Amino acid sequence: MHTGRGDAAKRARTRALIPVSADSSDAGCGFCVGDDFERFSQVDDVFSRSRFDPEIHSDKADRFYSTYRRPLADWRAAKGFQQNDYAFRNATWHVADVFAEMYEDDDRRDGFLDPLSMLREGATERHEMGTPERAAQLLKHAAAAAGADLVGVTAYDHRWTYTERFSVQTGGAKPNDLPEDLDNVIVIGQAMDSTLIDTAPSALSGAATGMGYSHDAVVLLTLAQYIRNLGYQAIPSMNDTALAIPYAIKAGLGEYGKHGLVITPEFGTSVRFGKIFTDLPLVHDHPIRFGVKEMCEICNACSKGCPSKAIPDAAPSTDRHNKSNLVGVKKWSIDGEKCFNYWSKINSDCSVCVRVCPYTRDYTRRRNRAWQRLAASPLRRLALWIDRRQGGGERHQTEDWWPAG
Ligand code: SF4
Ligand code: SF4
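Computed from a prediction, not measured in an experiment: that's the story for all the values here.

**Some points on the site of ligand 2**
So, point 1. In the vicinity of ligand 2, the residues found are Lys258, His259, Ile263, Met295, Cys296, Cys299, Ala301, Cys302, Cys357, Pro358 and Tyr359.
So, point 2. Listing elements by their share of the shell around ligand 2, those giving two or more residues are helix H11 (292–298) and helix H12 (301–305).
So, point 3. Across the shell around ligand 2, the residue classes tally to 9 nonpolar, 1 polar and 1 charged.

So this is what it looks like as structure tokens:
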């Protein structure tokens, strides 16, 4: 059974052959940021808008959120949406939810609208960590032991910091304060369970997302506390404070795909990202290219598979579907309103685009590592054909995920 994490040494082999770019500029990362770029406000995020904006807020949206609190037997009659599926999905969110709800009275949602804050005071004296190269080596070693599946480091970039946070209490904006001297960003990747993703769309597949967030919270808090204990600042962040995708790409964790997600060499799309803002001096990683852009130009599996038609099969552009898209960045963009409306309709998150992406496969297996090399070569059409012949992206039955009685 492939749960996404597998053998770390075998996974590392998928990355070993990928050339690392020395170019960490926007061009090197594949970013195309225009002069008309505007920083994003988290108030315009589709999840914030789903709470107050009549364009997207509805009774269905309220019911969608309530399913995360009441795993009742009759949300939907369909397989994969039974009480047992919801009961497990909601349990996987539990750790992330504990932190999110801890300071709700103070208008905070830690990890989603505000940084994780359940941390002790750190040391008053700074530990000498050696060179930035040595410090990064120690940090990555500790991160792996703490449960991080991927770790990269890059420079802080003000463009990706939200102009403002979303306040649940007012339904409007609140300040997004971040100290100015945090020059480095550590990006953490947590693999999601691919056997659960294989059942998407279902309430059961939402358990992969929930575990991703809960793992992320634990790893980010552990690492942030480690850095604070060394005498440096560390602010752990999940969906709050800044966009994660540009940092994940710049820190060399993966490439951007047509479905608006990062594709990593180790887990494909089946991964979640968190980040830590810090003043610990660390050497930076560099972006990687392993043929994703070229593959997305000939593949439309996510666009075809998306139940809400939220992923256009079109060339990158600066066009916006609605206010939840970035201004002034030429890229593939999805229609978050259509996506969220579909989630509200089925009473769970979806992840079909993660399931059908040919890069979502078990890279602890030699044949899949060979597939990735083929996908990075001029023979990528053959790689795509092989993926479909092998039944890549097919939906698995939720009743097959639970053990037979
Ligand atoms: S999560 Fe589902 S609805 Fe949303 S973009 Fe992906 S496939 Fe489409
Ligand atoms: S499904 Fe195909 S087009 Fe979509 S992100 Fe994956 S490789 Fe790119």
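There is more to say after this.
**Regarding a nonpolar patch on the surface**
So, point 1. Together, Val98, Met102 and Met118 give the surface a local cluster of nonpolar side chains, amounting to about 230 Å² of exposed area.
So, point 2. Here Met102 shows up in the loop between helix H6 (94–101) and helix H7 (132–146).
So, point 3. The class of Met102 is partly exposed, set by a relative accessible area of 33%.

**Section: H6**
So, point 1. For H6, the full list of buried residues reads Ala96, Asp97, Phe99 and Ala100. Viewed end-on, H6 has its buried residues packed into an arc of 165 degrees, placing them on one side of the element.
So, point 2. Where H6 is buried, its residues meet helix H9 (206–229).

**Some words on the environment of Glu104**
So, point 1. Secondary-structure assignment places Glu104 in the loop between H6 and H7.
So, point 2. For the pair Glu104 and Lys275, spaced 171 residues apart in the sequence, the C-alpha separation amounts to 22 Å.
So, point 3. When sequence neighbours within four positions are dropped, the list of residues in contact with Glu104 reads Arg109 and Gln169.
So, point 4. There is a polar contact of 3.3 Å between the side chain of Glu104 and the side chain of Arg109.

**A few points about the packing of aromatic side chains**
So, point 1. Using the criterion set out here, one finds 23 aromatic pairs in the structure.
So, point 2. Following the ring pairs from residue to residue traces out a cluster consisting of Phe47, Phe64, Tyr65, Tyr68, Trp93, Phe112, Tyr213, Phe340 and Trp343.
So, point 3. Of note, Arg51 hangs over the ring of Tyr65, and the distance from its end group to the ring centre comes to 3.9 Å.
So, point 4. The ring of Tyr68 carries Arg89 above its face, with NZ or CZ at 3.5 Å from the centroid.

**Notes on the site of ligand 1**
So, point 1. If you check the shell around ligand 1, you find Cys306, Pro307, Ser308, Ile311, Ile334, Cys339, Tyr342, Trp343, Cys350, Ser351, Val352 and Cys353 and nothing else.
So, point 2. The set of elements that each furnish at least two residues to the shell around ligand 1 consists of helix H13 (336–346) and helix H14 (352–356).
So, point 3. Sort the elements by how many residues they give to the shell around ligand 1 and H13 lands first, with 3 residues.

**Description of unusual backbone geometry**
So, point 1. Here Ala200 and Pro201 are connected by a cis peptide whose omega angle stands at 0 degrees.
So, point 2. On the secondary structure map, Pro201 appears in the loop between helix H8 (194–197) and H9.
So, point 3. Its identity as a non-glycine residue notwithstanding, Ser351 has a phi of 70 degrees, on the positive side.
So, point 4. By relative accessible area, Ser351 is classed as buried at 12%.

**Observations concerning the environment of Ser202**
So, point 1. Mapped onto the secondary structure, Ser202 falls in the loop between H8 and H9.
So, point 2. For the pair Ser202 and Tyr86, spaced 116 residues apart in sequence, the C-alpha separation works out to 9.2 Å.
So, point 3. In this structure Ser202 touches Gly80, Phe81, Ser348, Asp349, Arg395 and Thr398, once residues within four positions along its chain are discounted.

**Details of the sheet that holds strand S5 (residues 184–191)**
The pairing of strands in a sheet happens through backbone hydrogen bonds and is either parallel or antiparallel.
So, point 1. Strand order in the open sheet formed by 4 strands is S2-S5-S9-S6, with antiparallel pairing between adjacent strands. Of all the strands in the sheet, just strand S2 (150–155) and strand S6 (234–237) have a single pairing partner and so form its edges. Taking the axes of each pair of neighbouring strands and ignoring which way they run, one obtains an average angle of 20 degrees across the sheet.
So, point 2. Each of S5, S6 and strand S9 (271–278) is contacted by H9, which is oriented at about 20 degrees to S9, the strand it contacts most.

The rules behind these values
Residues numbered from 1 in each chain as written. Chains lettered and ligands numbered in written order. Predicted model: local features only at pLDDT ≥ 70, side-chain atom pairs only at ≥ 80, totals over all residues. Heavy atoms only, no water. Near = heavy atom within 4 Å. Helix = DSSP H or I, 4+ residues; strand = E, 2+ residues; numbered from the N terminus. Nonpolar A, V, L, I, M, F, W, Y, C, P; charged D, E, K, R; others polar. Patch = residues over 30% accessible without salt bridge, like charges linked within 9 Å, V, L, I, M, F, W, Y side chains within 5 Å. Areas by Shrake-Rupley, 256 points an atom, 1.4 Å probe, with all protein chains shown as cover. Salt bridge = Lys/Arg side-chain N within 4 Å of Asp/Glu carboxyl O. Buried < 20%, exposed > 50% of the residue type's maximum accessible area, 1.4 Å probe, protein only. Arc of directions from axis to C-beta. Contact = heavy atoms within 4.5 Å. Polar contact = N/O pair within 3.5 Å; in protein donor to acceptor, adjacent residues only side chain to side chain. Phe/Tyr/Trp six-rings, centres within 6.5 Å; stacked < 30°, edge-to-face > 60°. Lys NZ or Arg CZ within 6 Å of the ring centre and 35° of its normal. Pairing = 2+ DSSP bridges. Axes fitted to C-alpha atoms, helices over the stretch in contact; angles between N-to-C directions.

Take it as geometry only, folks, not as evidence of what the structure does.
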